[in-house]
Amino acid sequence: MAFFFRNKTVKELRKKWGLTTRELAMRVKLENIDILKIDDLKIKDVPEPIKTRILPILRGDDLDKIPWL
């Protein structure tokens with residue numbers, strides 16, 4: 001599953017889930033400007049500390065925690 005996301009940009013995956021840069025930044029507790037800097041990068045090119053924080057959200061792993069689904 002991780003290979004599917006490697007060649008997608010952060011912006012593509014963010015738009016797939018309907019998230020703005022501000023919403024994504026609030027979920028991962030980063031500044032909005034940090035998300036804007038990496039928005040046009042492919043996932044494989046994102047620096048590791050940021051990648052480990054945003055990848056679960058862009059994959060949809062956080063939706064598994066919602067009890068009513």
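Residues numbered from 1 in each chain as written. Predicted model: local features only at pLDDT ≥ 70, side-chain atom pairs only at ≥ 80, totals over all residues. Heavy atoms only, no water.

Chemist: Hey, could you run me through the overall build of the protein chain in this one?
Modeler: On a plain count of helices and strands, the protein chain comes out with five helices and zero strands. Listing the helices and strands of the protein chain from first to last along the sequence gives α-α-α-α-α. Buried residues in the protein chain amount to 33% of all 69 residues. A fraction of 60% describes how many contacts in the protein chain between residues 6 or more apart in sequence connect residues 24 or more apart. About 4900 Å² of surface is accessible on the protein chain, with carbon and sulfur atoms providing 56% of the total. (Helix = DSSP H or I, 4+ residues; strand = E, 2+ residues; numbered from the N terminus. Buried < 20%, exposed > 50% of the residue type's maximum accessible area, 1.4 Å probe, protein only. Contact = heavy atoms within 4.5 Å. Areas by Shrake-Rupley, 256 points an atom, 1.4 Å probe, with all protein chains shown as cover.)

Chemist: Before we go on, may I ask you to explain the nonpolar core in this structure?
Modeler: Soluble, globular proteins show a tendency: their nonpolar side chains are buried together. Core analysis: the largest hydrophobic core is formed by 17 residues, its most contacted members being Val10, Ile35, Ile54 and Leu58. Those elements giving two or more residues to this core turn out to be helix 2 (10-16), helix 3 (21-28), helix 4 (32-38) and helix 5 (48-59). Among the elements that make up this core, the one with the highest residue count is helix 5 (five residues). Excluding its chain neighbours within four sequence positions, the residues that come into contact with Ile54 are Val10, Val28, Ile35 and Ile38. (Core = buried A, V, L, I, M, F, W, Y, C linked by side-chain atoms within 4.5 Å.)

These results come straight from atomic positions and should not be treated as a statement about function.
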